[in-house]
Amino acid sequence: MSKDLRARDPYAEAWWIKAMVDGIPPRPAGQPPTDEDTFDVIVVGSGMSGHVAALFLADAGCSVVMLEAASEGGGTTYKSGAGMWVPDNSLMRRKGIAPDRGWAMNHMAKLAHPEDYDPAAERLGLEQRAYELIEAYYENGAKAFDELERLGVGLMDFPSYTGDYPAMIEYHNEIDHGYGAHLSPRTPEGRWGAGFQLVKILSDLADAKGIGLRVDHRVTELLEDADGAVIGVRAATPDGDVELFGRRGVFFGTGGYVHNQKLRDEHWPGRLYGGCPVITSRGDFIELTEKLGVELENMGHGWGTQHPVELMLADGEVAEHVGVYPGDSNLMVNAGGRRVVNEKLIYHERSQVHWERDESGGYPNHLLFLIYDDFVAYDETPTINRWPDPKPGNDWVISGDTFEELAANLDARLASYGERLLDYRLAPDFAEQLAATVDRFNGFARAGVDEDFHRGEREVELDWTGPAHAGNHKNPTMFPLDDGPYHCIILAGSVLDTNGGPKASVDGKVLRADGTPIPGLYAAGNCVASAAGAGYWSGGSTLGPAATFSWLAARSLAQEPTRVVGQGAAV
Ligand SMILES: Cc1cc2nc3c(=O)[nH]c(=O)nc-3n(C[C@H](O)[C@H](O)[C@H](O)COP(=O)(O)OP(=O)(O)OC[C@H]3O[C@@H](n4cnc5c(N)ncnc54)[C@H](O)[C@@H]3O)c2cc1C
């Protein structure tokens, strides 16, 4: 822990800066639609899941078209860091890092289903289906990514942010081999790539295989044959509705439901104001399959993070997310002025405190308040995670010279939102309690040990923490706050995307409540119930499974019988 992180220049090593050196490729624009309306398979959605399924279907000899609701392709995948967590993969094996099946299975089971997990029990205590999904991911991840490499998707290690570590560290690094599971796309220039480069690589491969992408095609209905098999879709386009048919079936990779207020209100365990997936993540697949007798699962879960409330209340797609807020002289408190979480925990884990309930059923941490001093506000040391900009003057920054003044300004801001923030207000003794909390935090920072939340005790926190005061060697994640002025960003619990939906089998078949597959209907990614349950296994544990289960689905879908199409009835 004796690193002077402030002295480093992580900016020069940051993946997204390197990405910009190579230029940010635009989102795929799609091709003008042709008259062709019948294919072997219709793929809906053009993020990771849609592209991977389309590529492997074409590789298996199927004719495919991708339909995309937005005016450009790429989905949320384009915005992502493109980290892909694959606990057994060929790259790590080639480097002599032995995959550890026992560790990985226990790790995934424990985080996905903490209430069921029992290391001594059969299936680690998990229900049959939950265990099978996790096992399928472990067993097939390496195969799927080997196959992606064969198709031309270059891979390399996802890097450490500071460059101090051999590669990205496990988010929960209780294991010796904390490296090797995080893959990243390798650009043609040989650099690691972000989401926009991943999409460019996938869409170039799709173009080369003759897979058409039709943008501005929002699928609004499923078409069934007389036997109840899904044989096509109806899509809304700027020129009116069109019907398209898939002789073997239809695959959905349409993302989650964040931008559907009704679904959020029905399923999220508390008020969710929005998130940062693309605005077309409206849960269409959930609503389309309702009439087919599916059973929804995992609907109250997602890939958690935090967002400033000001950006969420704008009611749109938030650009980025708070990975780990940079700086050492900062802390988060709730409306009672108390710390409730290790502020340097990785986003998903940190976000979970927002949904905790107190004895009276209320949400004591509905909003958290990121408090920091001038060092954090004005420090110019480049770092990858400084979002949103902490400088006073930004809409989301509230300041005060003293704790009392900060509390008054904060409470006035909350009051101005009224019902939009559920009339949430600070406790009357917030300023007093905040002063006591900062005093205690400052003591821990001076000692270098956070007795309450163990901040800075995981290596991944050191890699992500960002700039620290010069000479802060004891614990570079903590430093006493100055005497003021103080600044604050109000944070709400949020998601990169939700990950609940209809159940699908390990090979992507969408299941009815009785467990039988709906013929011809396949799906993967955030539009179906995730194998990850409540967990976020590590950086990239959304895209790794999305690719793996899309590969499995494509293999199965390519084997479906060809059906007579052309006259489907809308479901
Ligand atoms: C800032 C940020 C960083 C992230 N970093 C990472 C990371 O490093 N690693 C990781 O694993 N995950 C990361 N994620 C999460 C990851 O991006 C998503 O979980 C993943 O991209 C989801 O892939 P998908 O294929 O399921 O959906 P998407 O990529 O969202 O694709 C779904 C597509 O379906 C389209 N669609 C929706 N409805 C319809 C319809 N009715 N008709 C036609 N098309 C439709 C959408 O427009 C969209 O293009 C990040 C997310 C964000 C926002």
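Residues numbered from 1 in each chain as written. Predicted model: local features only at pLDDT ≥ 70, side-chain atom pairs only at ≥ 80, totals over all residues. Heavy atoms only, no water.

Q: Looking at this structure, how should I read the side chain of Asp 450?
A: Inspection of the secondary structure puts Asp 450 in the loop between helix H14 (430-447) and helix H15 (459-464). At a separation of 3.1 Å, a polar atom in the side chain of Asp 450 contacts the main-chain amide nitrogen of Phe 453. For Asp 450, the side chain forms a polar contact with the main-chain nitrogen of Arg 455, separated by 3.0 Å. If we skip the residues at most four places from it in the chain, Asp 450 touches Arg 339, Phe 444, Arg 455, Glu 457 and Met 478. (Helix = DSSP H or I, 4+ residues; strand = E, 2+ residues; numbered from the N terminus. Polar contact = N/O pair within 3.5 Å; in protein donor to acceptor, adjacent residues only side chain to side chain. Contact = heavy atoms within 4.5 Å.)

Q: Please clarify how the environment of Leu 148 should be interpreted in this entry.
A: Mapped onto the fold, Leu 148 is located in helix H6 (residues 128-151). A relative accessible area of 3% means that Leu 148 is categorised as buried. Distance in space between the C-alpha atoms of Leu 148 and Ala 547 is 8.9 Å, their sequence separation being 399 residues. Apart from residues lying up to four places away in sequence, Leu 148 is in contact with Val 52, Phe 56, Val 153 and Ala 547. (Buried < 20%, exposed > 50% of the residue type's maximum accessible area, 1.4 Å probe, protein only.)

Q: For this particular structure, what's the right way to read the sheet that holds strand S4 (residues 155-157)?
A: On the basis of which strands lie adjacent, the open sheet formed by 3 strands has the order S3-S5-S4 and antiparallel pairing. In this open sheet, the two edge strands, each paired with only one partner strand, are strand S3 (84-85) and S4. Here 2 bridges tie S3 to strand S5 (residues 182-185), and the two strands are oriented antiparallel to one another. When the sheet's bridge partners are listed, Trp 85 is paired in S5 with His 182. (Pairing = 2+ DSSP bridges.)

Q: Even after reading the chapter, I still don't get the pattern of salt bridges, so can you show me in this structure?
A: Across all of its chains, the model carries 31 salt bridges by this definition. One salt bridge connects Lys 95 with Asp 157, and the closest N-O pair in it is separated by 2.0 Å. With a gap of 62 residues between them, Lys 95 in the loop between helix H4 (90-94) and helix H5 (101-112) and Asp 157 in strand S4 connect regions that are remote in the sequence. Arg 563 is paired through a salt bridge with Glu 560; the nearest N and O atoms lie 2.6 Å apart. Like Glu 560, Arg 563 is buried. Put simply, Asp 59, Glu 147, Arg 150 and Lys 209 are held in one network by salt bridges that share partners. (Salt bridge = Lys/Arg side-chain N within 4 Å of Asp/Glu carboxyl O.)

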